[in-house]
Amino acid sequence: MSPKVYISGKLYGKNDASISVFDHGLLYGDGVFEGIRSYSGKVFRLQQHVDRLYDSASAIFLQIPMAREEMARAIVDTLAVNKLVDAYIRVVVTRGAGGLGLDPRKTTDPQVIIITDQISLYPEELYEHGLKIITAGTTRNHPNALNPRIKSLNYLNNILAKIEGTNSGCLEALMLNHKGEIAECTGDNVFIVTRGILHTPSIDSGILKGITRDAVIELARSAGLTVVERTMDRYDVYTADECFLTGTAAELIAVVECDGRMLGSGRPGPITRDLRQRFGSLVREEC
Ligand code: PXG
């Protein structure tokens, strides 16, 4: 059976799933999206993803043409139609087709797209041994330009940093904000462990409020760890005992080298490994 893609209320075969070349999502990156996971056929933290999608939309004056409950149902139904169990779900809302010109008033009909696919995580050996990352020269978007809390269809900022990473042989790259403080990686949030305390950049560092980040903060606190959300710089990362990234696609993965410096022991640390295990249990509990 060919995979089915949801577009604005209807299901299409993969090869027939298309939208207009005049859609402002394509012409200007004018739209928002979510990347979501399902485990054992159940969507992880669906409500939080739907809420973030609607918040992103509202921040760009985009009215999603369906209610939140309807969106949640469309996501669950599309997953079920495709008979996927452990899956990756991409929800995209575009501004819709319009004239050539920035003005969103020239667009009609925002499009809602739901694509489901097999999940591809990092290779297993990277979870065992940890990632190497570099700091990108590309600064994360200034919150007053395009707030990183908005998961918009314009990911060029992150893509440019990602290219810097891959050009240096790294699968992720650390991005600094306009003040030179640690923000996040191109598709993941960042945490460090220093003397037994977990630290992560605060939301006002100019980052996406990751749903995995929130889950890991909750897990760590309920395990008795102190979690500090604060301003961080590269010194904090270089001198950390442990470092890891969180994200829907990556889940929780250790970082063992940054900018050529070995972090901690150079191996995934005990708190990272423990939290990764707890995240696995949480997913099994909720899904
Ligand atoms: N920061 C950025 C910039 C992201 O794009 C995260 C942090 C982690 O957030 P969550 O809510 O996922 O814990 C993201 C998430 C993809 C893909 O296809 C990217 C993300 C999520 C899912 C898929 O590249 N980014």
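Residues numbered from 1 in each chain as written. Predicted model: local features only at pLDDT ≥ 70, side-chain atom pairs only at ≥ 80, totals over all residues. Heavy atoms only, no water.

(A) Summary view of the overall build of the chain. A count of helical and extended segments in the chain gives eight helices and 15 strands. Taking the principal axes of its C-alpha atoms as reference, the chain extends roughly 55 × 40 × 30 Å. Within the chain, the fraction of its 287 residues that count as buried is 51%. Residue pairs in contact within the chain that sit at least 24 positions apart in sequence constitute 68% of those at least 6 positions apart. Carbon and sulfur atoms form 52% of the exposed surface of the chain, whose accessible area is close to 13,500 Å². (Helix = DSSP H or I, 4+ residues; strand = E, 2+ residues; numbered from the N terminus. Buried < 20%, exposed > 50% of the residue type's maximum accessible area, 1.4 Å probe, protein only. Contact = heavy atoms within 4.5 Å. Areas by Shrake-Rupley, 256 points an atom, 1.4 Å probe, with all protein chains shown as cover.)

(B) Molecular detail of helix H5 (residues 156–167). For H5, which comprises 12 residues, the first-to-last C-alpha distance of 16 Å matches the rise-based estimate of 16 Å (1.5 Å per residue) to within 8%. Within the sequence span of H5, burial applies to Asn157, Asn158, Ala161 and Gly165. One side of H5 holds all its buried residues, which, seen down the axis, span an arc of 90°. Seen from the buried face of H5, the exposed residues on the opposite side, beyond 90 degrees, are Leu156 and Asn167. Just downstream of H5 lies Gly169, where phi reads positive at about 80°. (Expected span 1.5 Å × (residues − 1). Arc of directions from axis to C-beta.)

(C) A look at the packing of aromatic side chains. Tallied over the entire structure, the rule returns five aromatic pairs. Measuring from centroid to centroid gives 5.2 Å for Phe33 and Tyr155, while their planes differ by 75°, and the two rings are edge-to-face. Highlighted residues: Phe33 in strand S3 (residues 31–39) and Tyr155 in the loop between strand S7 (131–135) and H5, separated in sequence by 122 residues. Overall, Tyr155 belongs to the partly exposed group, its relative accessible area being 21%. Ring centres 5.7 Å apart and planes at 80° place the aromatic pair Phe44 and Phe279 in the edge-to-face group. Here Phe44 is found in the loop between strand S4 (42–43) and helix H2 (46–59), whereas its partner Phe279 is found in helix H8 (residues 270–286), with 235 residues between them in sequence. Aromatic ring contacts, followed pair by pair, group Tyr39, Phe44 and Phe279 into a single cluster. The ring centre of Tyr39 lies 4.0 Å from the NZ or CZ of Arg37, which sits over that ring. Directly above the aromatic system of Tyr238 lies the positively charged group of Arg261, at a separation of 3.8 Å from the ring centroid. (Phe/Tyr/Trp six-rings, centres within 6.5 Å; stacked < 30°, edge-to-face > 60°. Lys NZ or Arg CZ within 6 Å of the ring centre and 35° of its normal.)

(D) Highlighting the site of the ligand. Taken together, 20 residues lie around the ligand, and Tyr155, Glu184, Ile211, Thr212 and Thr248 are the ones closest in. Take Tyr88: an N or O atom from its side chain is 3.0 Å from an oxygen atom of the ligand. Arg90 is positioned such that a nitrogen or oxygen atom in its side chain is 2.9 Å from an oxygen atom of the ligand. Relative to its unbound accessible surface of 530 Å², the ligand loses 87% to contact with the protein. Looking at the shell around the ligand, the elements with two or more residues in it are strand S5 (87–94), helix H6 (211–222) and strand S13 (242–247). For the shell around the ligand, the per-class residue count stands at four nonpolar, 10 polar and six charged. Looking at the shell around the ligand, you find at least three residues from each of domain 1 (4–117) and domain 2 (124–286). (Near = heavy atom within 4 Å. Polar contact = N/O pair within 3.5 Å; in protein donor to acceptor, adjacent residues only side chain to side chain. Nonpolar A, V, L, I, M, F, W, Y, C, P; charged D, E, K, R; others polar. Domains from an automatic or database assignment.)

(E) Spotlight on the nonpolar core. With 26 residues, the main nonpolar core has Ile64, Met71 and Ile75 as its most contacted residues. Counting only elements with at least two residues in this core, the list comes to S3, H2, helix H3 (68–81), S5 and strand S6 (111–118). Among all residues touching Ile75, those that are not within four sequence positions of it are Ile36, Val43, Leu46, Val50, Ile89, Val91 and Ile114. Counting 22 residues, the second-largest nonpolar core is a separate cluster that includes Tyr122, Leu126, Ile192 and Val255. (Core = buried A, V, L, I, M, F, W, Y, C linked by side-chain atoms within 4.5 Å.)

(F) The arrangement of H2 in detail. An ideal rise of 1.5 Å per residue puts 20 Å on 14 residues; H2 measures up with 20 Å between its terminal C-alpha atoms. Looking at H2, one finds that the buried residues are Leu46, His49, Val50, Arg52, Leu53, Tyr54, Ser56 and Ala57. A positive phi of about 60° marks Phe61, the residue just after H2.

(G) Looking closely at the state of the cysteines. All told, the structure shown has zero disulfides when counted by the stated rule. In this model Cys170 remains outside any disulfide bridge; the closest cysteine sulfur is found in Cys258, 8.4 Å from its own. The structure places no disulfide on Cys258, whose sulfur is separated from the nearest cysteine sulfur, that of Cys243, by 7.0 Å. For Cys258, a relative accessible area of 0% corresponds to the buried category. (Disulfide = S-S within 2.5 Å.)

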